Structures are given as C-alpha cells and as structure tokens.
Amino acid sequence: MSLFRKIAVALAAMSVLVLMGCSEQPLNMREGVTDISKEVYDLHMIAFWVCVVIGVFTFGAMFYSMWAHRKSNNPNPAKFSHSTIVELVWTIIPFIILIALAWPAAKLLNRMEVAEGDDFDMEIIVKGWQWKWEYKYLDNDDNLRNDVGFFSNLAQNSRELSIDSEKMTFSAEKITDPNFLLEVDNPLVIPVNKKVKFLVTAEDVIHSFWVPDFSVKKDAVPGIINDVWTIVPETGVYRGVCAELCGKDHGYMPIVVKVVEQAEFDEWYAAKVAAAEAGPDLNERTMGQLMAEGESAYLKYCSACHMPNGEGTGPFPSLVGAESIKGDISKHVDIVINGVPGTAMQAFGAQLTPAEIAAIVTYERNAWGNDMGDKVQPQEVHDQQNGGGE
C-alpha cells in the first residue's frame, strides 16, 4: 500500500471515530429556556435560512454558468468586460440584507446587556478563581445576607477520571456519567421566575461565566465588575462552563445552576444562613479523622497540581520528602493559607475552612512516606489566620 493510500485510510478511520463520538451531540444551536435565549435562537435561525437561500442562489448561478457557458457549447467567448447593473445589484442587495439582520440583532443585544428597570429580586457576585467559581449573595433586602457564599468545585468523580486521563490510565468505558466534567459539589441555587443579576469578576486571571440555556455569557476580569441578568421560567438544572482559556484546569471549572421553587430556595438559603451564623467547625480531631478528611480534601483541592501521589507535575513541586512539608508545621500552614508569591501556589486561606486546611496539612505531612507523626488542629489554623487567636 502506498504512503498516500495509508494516509487516506488513516484519515478516513479518524473521521469515522470523530463522527461516532459526535453522533449524540446536537448539530444546531441550543434553544435555551429563557425568553432572551429563545429570541437569540429565533434570530439565529433567521440568519441561518437567509444564508441557505444566498448559498443556494449563488452556487446555483455558478454551476448553471459553468454548465451553460462551457467551452464545448460556446467556443467563442463573450466580449463584454462588466455590467454596471449587475454590480449595483450585488452591492445593494447584500447591504439591505445586512441592515435587515443588524437591526433586530442590535435591539436584542441591547436587551441582553441592559435590563428594564433596576427592580432585581436578587444580586449574586460570581467570582472566577483558578479553577473554581465563588458565589456570594448580596444583601439587597431583609431576607438575604451578604455573608452567605460558597465555592463551587468540579465534582470528585469527574476529577478522579480526569486525573486518570492525564496519567494515560483512562479509557472511555470508564465514563458512565453523562455529566462528566459538568458536575460540581455546590451548585448555584436561584428561585424560578425571579429577576437575577450576576455581578461577574475574577480573583486571578480572566475567566468567562457562560450558561447557554440562559444566553448568559460575561467575561470575569480581575479588578472589573461586569453584570448580566436573567429570568428563568422553568425549574431544573442548567449547566455551563468557563468560556475563557484560563490556565491548566480551564476545562475543569463547570457551572451548575439549580433553579427551584421559591419555597425550596427559602429552605436552602435558611440552611446557608444558619451555617454562616454557626461559624467554622473548630472541633478537635484525632489523627485518623484528620488523615481521612485530609485525603478527601487533598484530592479535591490539591491533586490537580501536585498529583494524587504527591509527586507534582510541571511547575508544581513534589511534596514527597519536600523541605516545605517536613519543616516547621506553622510555616507549612502559612504556605497553604497565604500561598507562595511569585509561584503558581495559590493562597487558600479564603477558599478553605480551618478544618480543611488542618486536615490537608496533616495529611501531607504523614502521607507518601513523609511520616512526620505530627498534626495540626482547626483551632490552631484559625488562630494563625487571625493573628494568634482571640
């Protein structure tokens, strides 16, 4: 078999695999559930059919000309050089089409950007981090408190499968969850049929908050607050992703919005308020408890960079036998709380609870053969975060 034929067969096989993998994917734009998203879909379909008509007419004229004026049928070519009428027609008609499409598109974009009135039922700060989302409900009436907020991370099942894929021990048969890489531990919850405003920003690099079913997409830029709004008329779970290339785990920070009835939202929100008022869990833990909680928290927050076995990858150093791990325990805690300036190590003090930090530090100091034998308690982490305690 010639090299050319081998390449052709390989390309054909790859094409079949790609088509098989895409067979369950929608071919058209998603219609969505909000009024805005349906208007976007309708305008998209109008533009699509306009393009189809233009394509049929253009290619039809081209193929007809190639057939009717072929050399065998017309051995003597025409002598004209141009037609002013034709040139005017093919300039004016596209201009009219563009204006006809631009006018409704501009009106719709304005509606998407500027909500009618300022009577929002709820305002939520959406902050992008590497690589997770933070949501905080603003206090805009007597029922909402601005100390109710949480982080939303990729679900652990998807994270474990993604780590396996990086280690080349991954196979497609392992994926049984249709929401692989689209599930989180803490979804954003909003009530149905309420006018919600999202104030979108970022902590570190540029992200993009995108929920296709709402036609909501807004860049999250550090130091800048962009806003976007929605009214969701149907309950359900709606998924999105970060739509801006934001670093190593860009593909691992999905968005999940759970839209519920008002009564269910009130119950959920009351539980969040109670948890916020109760304060952090500072109860003392045994070594066994710290190690179990630490392994779970490490796999959730740290393994994407330092690997599940602690060996590190790329710019992220190994934690096995590292001086930072086997050195002073308070310095170890400080690294997790405040990060390491000038490196890729983030500050996790604002992202994790004292209990999670204590568990992670204890786990790192006693896993993978480090065997330091010491531990740190949540109260000690809390005291270190607050300048020595209260």
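As shown above, the structure is provided for reference.
Residues numbered from 1 in each chain as written. Predicted model: local features only at pLDDT ≥ 70, side-chain atom pairs only at ≥ 80, totals over all residues. Heavy atoms only, no water.

1. Quick word on the overall build of the chain
- Within the chain one finds 11 helices and 10 strands.
- Looking at the chain as a whole, 35% of its 390 residues qualify as buried.
- Within the chain, counting contacts between residues at least 6 apart in sequence, those at least 24 apart form 64% of the total.
- Summed over its atoms, the accessible surface of the chain is roughly 22800 Å², and 60% of this surface lies on carbon and sulfur atoms. (Helix = DSSP H or I, 4+ residues; strand = E, 2+ residues; numbered from the N terminus. Buried < 20%, exposed > 50% of the residue type's maximum accessible area, 1.4 Å probe, protein only. Contact = heavy atoms within 4.5 Å. Areas by Shrake-Rupley, 256 points an atom, 1.4 Å probe, with all protein chains shown as cover.)

2. A closer look at the nonpolar core
- Ranked by size, the top nonpolar core spans 38 residues in total, and within it I124, Y135, Y137, I190, F198, F209 and F214 carry the most contacts.
- Once residues lying within four places of it in the same chain are set aside, the contact partners of I190 are M122, I124, V196, V232, V257, K258, V259, V260 and F265.
- Ranked by size, the runner-up nonpolar core spans 22 residues in total, among them C302, A322, V336 and V376. (Core = buried A, V, L, I, M, F, W, Y, C linked by side-chain atoms within 4.5 Å.)

3. Details of the packing of aromatic side chains
- The tally for this structure, following the rule as stated, stands at 19 aromatic pairs.
- Ring centres of Y137 and Y269 lie 5.5 Å apart, and the angle between their planes is 75°; on these two criteria the pair is classed as edge-to-face. With Y137 in strand β2 (residues 132-137) and Y269 in helix α5 (residues 262-278), this pair connects stretches of sequence that are 132 residues apart. Each member of the pair Y137 and Y269 is classed as buried.
- Linked through ring pairs, Y135, Y137, F150, F265, W268 and Y269 together constitute an aromatic cluster.
- A cation sits over an aromatic face here: K195 above F120, 5.1 Å from the ring centre. (Phe/Tyr/Trp six-rings, centres within 6.5 Å; stacked < 30°, edge-to-face > 60°. Lys NZ or Arg CZ within 6 Å of the ring centre and 35° of its normal.)

4. Focus on the sheet that holds strand β5 (residues 195-202)
- Across the sheet, 5 strands lie side by side as β3-β2-β1-β5-β8; this open sheet has mixed pairing. Both edges of this open sheet fall to β3 (149-152) and β8 (226-231), since each of them pairs with a single strand only. Strand-to-strand twist in this sheet, taken as the mean axis angle between neighbours without regard to direction, amounts to 25°.
- Pairing analysis gives 4 bridges linking β2 to β3, with the strands arranged antiparallel. Each residue of the ladder has a partner; that of Y135, found in β3, is F150.
- Helix-sheet contacts for α5 involve β1 (122-129), β2 and β3, and the interaxial angle to β2 is about 100°. (Pairing = 2+ DSSP bridges. Axes fitted to C-alpha atoms, helices over the stretch in contact; angles between N-to-C directions.)

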